Amino acid sequence: MSGGLFKQEEALLDNAKELAEANSLDTEQYLLLLKGYEKLLKQTRRLVKMSDRTEAQLNLMSKEQVELNQTLSGQNTKLETLSVKLSKYLSPQVYESIFSGKSEVRVGADRKFLTVFFSDIVSFTEITDQLEPEMLTNSLNAYLNEMAIVAISHGATIDKYIGDAIMAFFGDPETLGPQHDAVKCVTMALSMQEKVKLLNYELNKMGVTRPFNIRCGINSGICTVGNFGSENRLDYTAIGNQVNLASRLESSAGVGEVLISEETMLLTQEHFDFVPNQEIHVKGFARPIKTYTVTKLKEAKDLSANLSFHSKGLDLEIDPLVLSEDSKKIIQELIPQLENIIQHSTKN
Amino acid sequence: MHLEATNRTPEVLISDSVLEMKGECYPEDITAFAEPILELLAEKLAACDSFSVSLELRYFNSSSAKFFFDFFEVLEETAAKGKSISIQWRYRSSDNSMKEAGEDFEEDMEVADYQLVEI
């Protein structure tokens with residue numbers, strides 16, 4: 001505490017000390033000193049009282065703060081649990097967009113360039129007739145789960161499941177640009193076709209004797225995408241003629257086929273091989289729609305395909321289409337380390 | 001004198017016949033804060049016949065409490081000399097701490113007109 005604050009008291013003490021040393025402390029001086037001491041004692045008592053009161057108040061506030069923190073922590077845990085549960089009802093991109101505050105949760109839509117994907121299981125109605133309800137549920141969920149993993153790993157926004165059908169799109173809420181979005185969508189469709197073949201082996205072990213075969217339809221174009229519905233119940237989806245066309249391509253696709261529109265073909269022709277297919281007539285389109293069947297990834301473009309390996313001790317995901325310069329440097333730096341790891345693990 | 005409030009000191013306004021203080025008081029340097037106020041207060045009290053003080057504090061620390069003891073002592077001594085001194089200690093109805101502090105200071109006020117005002 002500053003000396004200035006006790007200037008009066010110090011002056012009184014100095015004076016008393018001086019008089020005492022000079023042996024001239026008379027009654028008047030003594031009474032003055034006594035009065036000063038009484039005043040200080042009174043102030044000290046009040047200061048102690050005030051200090052204790054402040055301490056008690058701080059303790060109370062601290063206790064309340066601890067209780068409040070505990071309540072908040074409990075509520076946060078509940079919210080986290082709830083948001084994890086909610087996230088399963090939403091596409092990761094939509095979930096991220098909403099929970100990061102990038103998107104407003106309100107009725108409203110925008111016009112955006114999307115690549116829209118539809119798929120379903122060929123003759124699924126017939127398959128369901130042959131399966132017990134429990135087996136049907138297990139196999140359908142296993143199928144949808146595997147397809148969702150493929151879709152999410154390629155960055156798709158899963159719009160909805162309609163029974164065995166899947167609707168997904170690329171271009172909102174995040175986009176890599178129309179061309180990359182379209183390439184990713186076609187890559188995803190081919191991956192799904194491959195995945196179904198592997199899944200059929202598992203399903204067969206479960207007792208599903210008739211294999212699943214899927215057909216996929218893809219179209220790219222301007223769609224209306226956003227939240228539709230009422231203020232109380234919203235559905236984040238894409239609508240419009242281009243969406244209808246993607247659905248129509250899917251229903252026109254053959255077994256195990258990925259059928260795409262001319263627009264999608266033009267966006268992805270550097271990356272895939274196609275064969276022209278029959279023109280189709282779609283409501284809302286004046287001219288017949290040219291269609292193309294994706295046959296495979298172009299050999300020369302293999303290098304631009306996703307590197308995706310996941311097994312015990314290995315978790316690798318590289319997407320050359322979106323690889324930044326920094327990421328490329330990191331990969332170069334990692335190569336010697338990887339060689340060391342291989343040599344070391346071989347010795348072991 | 002008009003001192004703007006900071007996060008550690010109250011707003012202070014001193015004119016020829018009025019002193020107002022409002023806010024929180026726990027300055028880093030209590031002497032630097034208190035001395036100019038006490039000096040100017042003494043000057044104004046010496047020159048006036050009547051003086052009004054309004055204090056509305058939300059928090060003050062122990063050093064500031066010592067300053068207020070001296071502050072009220074000056075006012076009481078001036079009132080004892082025959083000048084009209086009125087003091088309002090204003091506190092929020094929910095703030096028991098400031099109410100009790102006001103009651104503590106009131107104990108020393110025998111001549112000056114000291115009022116506790118709930119706001």
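Residues numbered from 1 in each chain as written. Chains lettered and ligands numbered in written order. Predicted model: local features only at pLDDT ≥ 70, side-chain atom pairs only at ≥ 80, totals over all residues.

Student: Please explain the overall build of chain A as it appears in this structure.
Tutor: Helix and strand counts for chain A stand at 9 helices and 10 strands. Counting all 348 residues of chain A, 25% fall into the buried class. A sequence separation of at least 24 residues applies to 69% of the contacts in chain A between residues at least 6 apart. (Helix = DSSP H or I, 4+ residues; strand = E, 2+ residues; numbered from the N terminus. Buried ≥ 20, exposed ≤ 12 C-beta atoms within 10 Å, placed from the backbone. Contact = placed C-beta atoms within 7 Å.)

Student: I tried to follow the overall build of chain B on my own but got confused; where do I start?
Tutor: Of the regular secondary structure elements, chain B holds 3 helices and 6 strands. The buried share of chain B, reckoned over its 119 residues, is 31%. Restricting to contacts in chain B with at least 6 residues of sequence separation, those with at least 24 account for 66%.

Student: How should I be thinking about helix α2 (residues 27-87) of chain A in this particular structure?
Tutor: Taking 1.5 Å per residue, 61 residues should reach 90 Å; α2(A) reaches 86 Å between its end C-alpha atoms and fits that length. Taken across its 61 residues, α2(A) has 1 buried, putting it largely on the surface. (Expected span 1.5 Å × (residues − 1).)

Student: Please explain the environment of A:C185 as it appears in this structure.
Tutor: Residue and element names in this part refer to chain A. Considering the arrangement of structural elements, one finds C185 in helix α6 (residues 178-206). Since 31 C-beta atoms lie within 10 Å of it, C185 is described here as buried. Residues C185 and A168, 17 residues apart in the sequence, show an inter-C-alpha distance of 8.9 Å. If near-sequence neighbours (up to four positions away) are discounted, C185 is found in contact with T115, F117, F170 and I218.

Student: How do you make sense of the sheet that holds strand β5 (residues 84-91) of chain B when you look at a structure like this?
Tutor: Sheet strands line up and pair through hydrogen bonds in the backbone, either parallel or antiparallel. Residues and elements named next belong to chain B. Across the sheet, which stays open at both edges, the 6 strands sit in the order β1-β2-β3-β4-β5-β6 with mixed pairing between neighbours. The open sheet has two edge strands with one neighbour each: β1 (2-3) and β6 (113-118). Where β5 lies against β6, 6 bridges are found, and the strand directions are parallel. Counterpart to R90 in the pairing with β6 is V117. (Pairing = 2+ DSSP bridges.)

Student: What is the right way to look at the packing of helix α5 (residues 133-153) of chain A against α6(A) in this model?
Tutor: Packed helix pairs are specified by the crossing angle of their axes together with the interaxial distance, meaning the distance between the axes. All names here are of chain A. Where α5 contacts α6, the axes come no closer than 10 Å and their chain directions differ by 150 degrees. Between α5 and α6, the interaxial angle falls into the category roughly antiparallel. Pair α5 / α6 crosses with right-handed handedness. Packed against α5, whose contacting residues are N138, S139, A142, Y143, E146, M147, V150 and A151, the element α6 presents M188, S191, M192, K195, L199, E202, L203 and M206 at the interface. Among the residues forming the contact of α5 with α6, the class breakdown is 10 nonpolar, 3 polar and 3 charged. (Axes fitted to C-alpha atoms, helices over the stretch in contact; angles between N-to-C directions. Parallel < 35°, antiparallel > 145°, perpendicular 65-115°, else oblique. Left-handed = near helix turned anticlockwise from the far one by under 90°. Nonpolar A, V, L, I, M, F, W, Y, C, P; charged D, E, K, R; others polar.)

Student: Got a minute to help me understand the pairing of strand β5 (residues 234-239) of chain A in this structure?
Tutor: In summary, the side chains of a regular strand alternate between the two faces of the sheet. Sheet analysis places strand β4 (residues 214-229) of chain A next to β5(A), joined by 6 bridges and oriented antiparallel. The residue of β5(A) that forms the bridge with A:T224 is A:I239.

Student: Just to check I follow, could you spell out the nonpolar core for this structure?
Tutor: In globular proteins that are soluble, nonpolar side chains generally tend to be buried together. Core analysis: the largest hydrophobic core is formed by 50 residues, its most contacted members being A:F117, A:V186, A:A189, A:C216, A:I218, A:V258 and A:I260. Among residues more than four places away in sequence, those in contact with A:F117 are A:A156, A:A168, A:F169, A:C185, A:A189, A:C216, A:I218 and A:A246. Counting residues in each nonpolar core, the second largest holds 32 residues, with A:L5, B:V12, B:I85 and B:Y114 among its members. (Core = buried A, V, L, I, M, F, W, Y, C linked by C-beta atoms within 7 Å.)

Student: Is there a simple way to think about unusual backbone geometry in this case?
Tutor: Note: most peptide bonds trans; most residues except glycine with negative phi. Here the amide bond leading from A:D172 into A:P173 is cis, since omega sits at 0 degrees, within 30 degrees of zero. Residue position: A:P173 is located in the loop between β3 (165-170) and α6.

Student: Explain the confidence of the model for chain B to me, please; I cannot follow it from the model alone.
Tutor: Residues shown with low pLDDT carry predicted positions that ought not to be read at fine detail. Residues of chain B with pLDDT of at least 70 account for 100%, and the chain-wide mean is 93. Taken over the whole predicted complex, pTM reads 0.57, whereas the ipTM for its chain interfaces reads 0.79. (pLDDT = per-residue confidence, 0-100.)

Student: Just checking my understanding: could you explain the interface of chain B and chain A for this structure?
Tutor: The parts lose accessible area when they come together, and the size of an interface is often stated as this lost area. Tallying the contact residues gives 15 residues for chain B and 12 residues for chain A. Counting residues per element, the ones that place at least two in the side of chain B that touches chain A are α1 (30-47), α2 (62-80) and α3 (96-106) of chain B. For the side of chain B that touches chain A, the element with the most residues is α2(B), which contributes 6 residues. Of the residues that constitute the side of chain B that touches chain A, the class distribution is 6 nonpolar, 4 polar and 5 charged.

Student: Got a minute to help me understand the packing of α2(A) against α2(B) in this structure?
Tutor: In contact at an axis separation of 10 Å, α2(A) and α2(B) are set at 140 degrees when each is read in the N-to-C sense. Considering their axes alone, α2(A) and α2(B) lie oblique with respect to each other. Crossing of α2(A) over α2(B) shows right-handed handedness. Contacts between α2(A) and α2(B) involve A:Q43, A:L47, A:M50 and A:S51 on the former and, on the latter, B:S62, B:A65, B:K66 and B:F69.

Student: How do you make sense of α1(B) when you look at a structure like this?
Tutor: Residues and elements named next belong to chain B. Taking 1.5 Å as the rise per residue, α1 with 18 residues should run 26 Å; its terminal C-alpha atoms sit 26 Å apart, in good agreement. I30, F33, A34 and L41 are the residues of α1 that are buried. Within α1, the buried residues cover an arc of 75 degrees as seen down the axis, which keeps them to one side. In α1, the exposed positions that point more than 90 degrees away from the buried face belong to A32, E39, E43, A46 and A47. Buried positions along α1 lie against β2 (11-14), β3 (18-25) and α2. (Arc of directions from axis to C-beta.)

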